Amino acid sequence: MHVPALNVLTQADPELAGLIQGEAERQHDTLRMIASENYVSQAVLEATGTVLTNKYSEGYPGKRYYEGQKFIDPIEELAIARAKSVFGVDHANVQPYSGSPANLAVYMALAKPGDTIMGMALPMGGHLTHGWSVSATGAWFRAVQYTVRREDGRIDFDEVRDIALRERPKIIFSGGTAIPRTIDFPRFAEIAREVDAVLVADIAHIAGLIAGGAHPSPVGHAEVISTTTHKTLRGPRGAMLMSDEKHAKALDKAVFPGLQGGPHNHTTAGIAVALGEASKPEFRTYAHQVVANARALADALIERGFDLVSGGTDNHLILLDLTSKSIGGKPVARALDRAGIETNYNTVPYDTRKPFDPSGVRLGTPALTTRGLTESQMPQVADWISRAVDAAIKDDEAVLDTIAAEVRELLAGYPMPGWH
Ligand SMILES: *Cc1c(COP(=O)(O)O)cnc(C)c1O
């Protein structure tokens, strides 16, 4: 059963309540390994499902365009104060609706349409909003893109510097969605300074690791930090922009009134709760366990003959490169899903296959760490993955169903927040 209980909803709209129950049960029974996903706490669930969703509050605390902010203002102030304290920044804006709009606000604050901007190419591990062609950020700006080295899958800082010197971007984005290695913010900062660009650290994937001390912080290196709140940070779906005082006003103006109307106050409350959790010692333990689990899983996969982009991981994610196997990422992700292991197919750098059927599968350990799994279970997880890939090659669905039952049995011993 979903927790908090859906008693009234089940009466009022049984069809919808049934779908939510189904999803909760699916999340309970599945080894969720999509690197950007997690389980929020029951406290976060409760905060986001409140009457705060009823309230309009365009503007910022103390400067609103609507009356009745007696409780909303302190809620947003609490979220801001906690963001500043958890990440050690001068300024935080907790209103962006999600990571992509947050990044749009960064562009609006720091550049004009047609300006040159720079980011990591999507197939190399960057995000759509870092200037990829199909994104508004690729259409409205002159985007130049850096890659990773073919030999070792790592960022080539000589190339980053060469492109920056040649193209003189206004903004350089660091960070991405499929980068299994530590991001060298000081190195990016050096290059940005040299070409007078603003360095933006998009820490959407690793914010929780940074908050928990399991990845170096960009603070003091990147002038602007953009993050989602729902990935490793384990809050509700939302985003934040953080900066020094220099960019504070421009970022705030870009979020509102530049791009958005009223903030989603129920989400702001959930963010405040999640940041409160992120300031506790248990969160440090969680963040380090996420990395320890990814390392243990990477080792176990390598032992079983898998190739990993960059040869391993420093963080929460692993990019399986299936190029040497006689199967692509998409059928493997499908087979894994049938086997109760939820992942996504992903391009690998210099992929020889098409983006809709690429050679990679992305795996992440945040959600299974939240569930309570540790290094000792990672060989078992690698075994399941290995058996499922073999089964996918042989088209053996019975094996996949057997694995799904084994996964369910293991997970029955690990409680899920939001399900009882
Ligand atoms: C997830 C992600 C985003 C976008 O977040 P959404 O909430 O999906 O819009 C932006 N940048 C990076 C690096 C991400 O990983």
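Residues numbered from 1 in each chain as written. Predicted model: local features only at pLDDT ≥ 70, side-chain atom pairs only at ≥ 80, totals over all residues. Heavy atoms only, no water.

1. Remarks on unusual backbone geometry
Okay, so step 1: A cis amide bond links V3 to the next residue, P4, at an omega of 0°.
Okay, so step 2: Along the chain, P4 turns up in the segment before α1 (7-12).
Okay, so step 3: Positive phi, normally seen in glycine, also occurs at D196, with a value near 60°.
Okay, so step 4: In this fold, D196 is placed in the loop between α8 (185-195) and β8 (198-202). (Helix = DSSP H or I, 4+ residues; strand = E, 2+ residues; numbered from the N terminus.)

2. Remarks on the packing of helix α7 (residues 157-167) against α8
Two measures define how a pair of helices packs: the angle their axes make with one another and the distance between the axes.
Okay, so step 1: Between α7 and α8, the shortest axis-to-axis distance is 10 Å and the interhelical angle comes to 20°. The pairing of α7 with α8 is recorded here as roughly parallel in orientation. Two packed elements cross with a definite hand, and for α7 against α8 that hand is right-handed. Listed contacts from α8 to F157, D158, V160, R161, A164 and L165 of α7 are R187, F188, I191, E194 and V195.
Okay, so step 2: Residue composition of the contact of α7 with α8, grouped by class: seven nonpolar, no polar and four charged. (Axes fitted to C-alpha atoms, helices over the stretch in contact; angles between N-to-C directions. Parallel < 35°, antiparallel > 145°, perpendicular 65-115°, else oblique. Left-handed = near helix turned anticlockwise from the far one by under 90°. Contact = heavy atoms within 4.5 Å. Nonpolar A, V, L, I, M, F, W, Y, C, P; charged D, E, K, R; others polar.)

3. Some points on the domain arrangement of the protein chain
Okay, so step 1: Per the domain assignment, the segments of the protein chain are domain 1 (48-278) and domain 2 (283-411).
Okay, so step 2: Of note, the centres of domain 1 and domain 2, computed from C-alpha atoms alone, are 28 Å apart.
Okay, so step 3: Contacts between the two partners involve 29 residues from domain 1, matched on the other side by 25 residues from domain 2.
Okay, so step 4: Together domain 1 and domain 2 conceal approximately 2300 Å² of surface at their shared face, both sides included; 56% is due to carbon and sulfur atoms.
Okay, so step 5: Among the residues of domain 1 in contact with domain 2, P180, R181 and R234 are the three that bury the most area, contributing 27% of the side total.
Okay, so step 6: At the junction of domain 1 with domain 2, the criterion picks out one salt bridge.
Okay, so step 7: As a salt-bridge pair, R181 and D314 come within 2.8 Å of each other at their nearest N and O atoms.
Okay, so step 8: In this assembly, domain 1 and domain 2 are joined by 13 residue pairs in polar contact (both at pLDDT 80 or more). (Domains from an automatic or database assignment. Buried area = accessible area lost by both parts, 1.4 Å probe. Salt bridge = Lys/Arg side-chain N within 4 Å of Asp/Glu carboxyl O. Polar contact = N/O pair within 3.5 Å; in protein donor to acceptor, adjacent residues only side chain to side chain.)

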